[in-house]
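Here are the chains, one letter per residue:
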Amino acid sequence: DTGVSQDPRHKITKRGQNVTFRCDPISEHNRLYWYRQTLGQGPEFLTYFQNEAQLEKSRLLSDRFSAERPKGSFSTLEIQRTEQGDSAMYLCASSLGIAGNEETQYFGPGTRLLVL
Amino acid sequence: SQQGEEDPQALSIQEGENATMNCSYKTSINNLQWYRQNSGRGLVHLILIRSNEREKHSGRLRVTLDTSKKSSSLLITASRAADTASYFCATDVGGSTLGRLYFGRGTQLTVWP
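Predicted model only: the values in this text are computed from it and were never measured.

(A) Structural detail: a nonpolar patch on the surface. Taken together, the side chains of A:I12, A:L114 and A:L116 define a hydrophobic patch exposed on the protein surface, amounting to about 310 Å² of accessible area. Structurally, A:L114 is set in strand β11 (residues 111-115).

(B) A look at the interface of chain A and chain B. Each side of the interface is counted separately: chain A has 26 residues, and chain B has 22 residues. Taken together, both faces of the contact between chain A and chain B bury some 1900 Å²; the carbon and sulfur share is 46%. For B:R100, the salt bridge goes to A:E56, with nearest N and O atoms at 2.4 Å. Taken together, chain A and chain B are joined by six residue pairs in polar contact (both at pLDDT 80 or more). For the side of chain A that touches chain B, the element with the highest residue contribution is strand β4 (residues 31-37) of chain A, accounting for four residues. Here the residues of the side of chain A that touches chain B sort into nine nonpolar, 10 polar and seven charged.

(C) Summary view of the packing of aromatic side chains. By the definition in use, this model includes 11 aromatic pairs over all chains. Through pairs of rings, three or more aromatic residues link up here, namely A:Y33, A:Y35, A:F45, A:Y48, A:F107, B:Y35, B:F88 and B:F103. The cationic tip of A:R22 hangs over the ring face of A:F74; the distance from NZ or CZ to the ring centre is 3.9 Å.

The rules we used
- Going along each chain's sequence as written, the residues are numbered from 1 onward.
- The order in which chains are written sets their letters, starting at A; the order in which ligands are written sets their numbers, starting at 1.
- Reporting in this predicted model follows two pLDDT cut-offs: at least 70 for local features of residues, and 80 or more for side-chain atom pairs to be given and counted; totals over whole chains, interfaces and linings ignore these cut-offs and use all residues.
- Heavy atoms throughout the structure, all of them, feed into the side-chain values; hydrogens and water do not.
- Only residues whose relative accessible area exceeds 30% and that form no salt bridge enter a patch; like-charged residues are grouped when within 9 Å of one another, and nonpolar side chains (Val, Leu, Ile, Met, Phe, Trp, Tyr) when within 5 Å.
- All accessibility values rest on the Shrake-Rupley procedure with a 1.4 Å probe; residue burial counts only the protein chains present in the view.
- Just to be clear on terms, a salt bridge is a Lys or Arg side-chain nitrogen sitting within 4 Å of an Asp or Glu carboxyl oxygen.
- Helix and strand definitions follow DSSP, with helices as H or I runs of at least four residues and strands as E runs of at least two, each counted in order from the N terminus.
- Between two residues, a contact is recorded if the distance between any of their heavy atoms is within 4.5 Å.
- Buried area adds together the accessible area that both of two parts lose upon being put together, with accessible area traced by a 1.4 Å probe.
- Definition of a polar contact: a pair of N or O atoms within 3.5 Å, with one able to donate and the other able to accept a hydrogen when the atoms are protein atoms, and with sequence-neighbouring residues admitted only if both atoms are side-chain atoms.
- Gly falls in the polar group here, along with every residue not listed as nonpolar (Ala, Val, Leu, Ile, Met, Phe, Trp, Tyr, Cys, Pro) or charged (Asp, Glu, Lys, Arg).
- Ring pairs are drawn from Phe, Tyr and Trp, using the six-membered ring of Trp, whenever the two centres fall within 6.5 Å, and their geometry is named by plane angle: stacked under 30 degrees, edge-to-face over 60, tilted for the rest.
- The criterion is that NZ of a Lys, or CZ of an Arg, lies within 6 Å of the ring centre and within 35 degrees of the ring normal, and then a charge sits over that ring.

Structural data, given as C-alpha cells:
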C-alpha cells in the first residue's frame, strides 16, 4: 500500500490519559500535515512539517498537544491529559513539498478518538 | 474562522441527475481544492484549480472558479449511488501558509438509486 497510513484507526480512552497517534506518509513526500475534524465540520489545520522541521502550529494546538517527525519520515501526535473536547477524528496528510508549488495533499484514513 | 463555506449543506438527488455544490471563500487564494469523504473515512482528493484557471474537468467532475466573486462550484454529472459522500472545498491562500488548507463544513450529497 503506497498511501498514507495511520495507527490506530480507533482509540477510546478515559479523561486524563495520554494518547499517541502515528502517521506514515507516502514515502517520497517531504511535507506532513495534521488536521482535526469534529462531527459535522470540515478538517481544521493543526500543524505541519517540512521534513523533520515543524514549520507551523495552529492556535488549536494547546500545550497538551505535541507532534514530532524525528527522521523526516513518520510522525507522531501526542495528546496529554486528554479531555472530552479532544474527541475527534485526527487526520494526517502528506505532499511532495516542492518549494513554491501548490500541491495535492493525500490523506490517511484518520484516527478516531473518543475520550470518556 | 474557516475560509470556505459550501452550499447547500445537504443535497439529495436521484441517480442520473447532476449535482452542483458551491463554495464561497473570504480572502485571495493560491488554489482551491475539492475533496470527497465517505462516512467516517479519510478524504479523497478530487481536483485542484489554480487561481488563474476558470474551469477544470476530470471525468464526470467539472469545477469552476470565479475569483472576482470568491466562489467555486463542483458539478458531478450523471450521478451514481456511489457518489454519496460529503464534499469539501479547501483553499490554499499561499504566501507564508502555502500548503495549509482551510476547509468548509462540507455538502452532504445523497444519491438515491
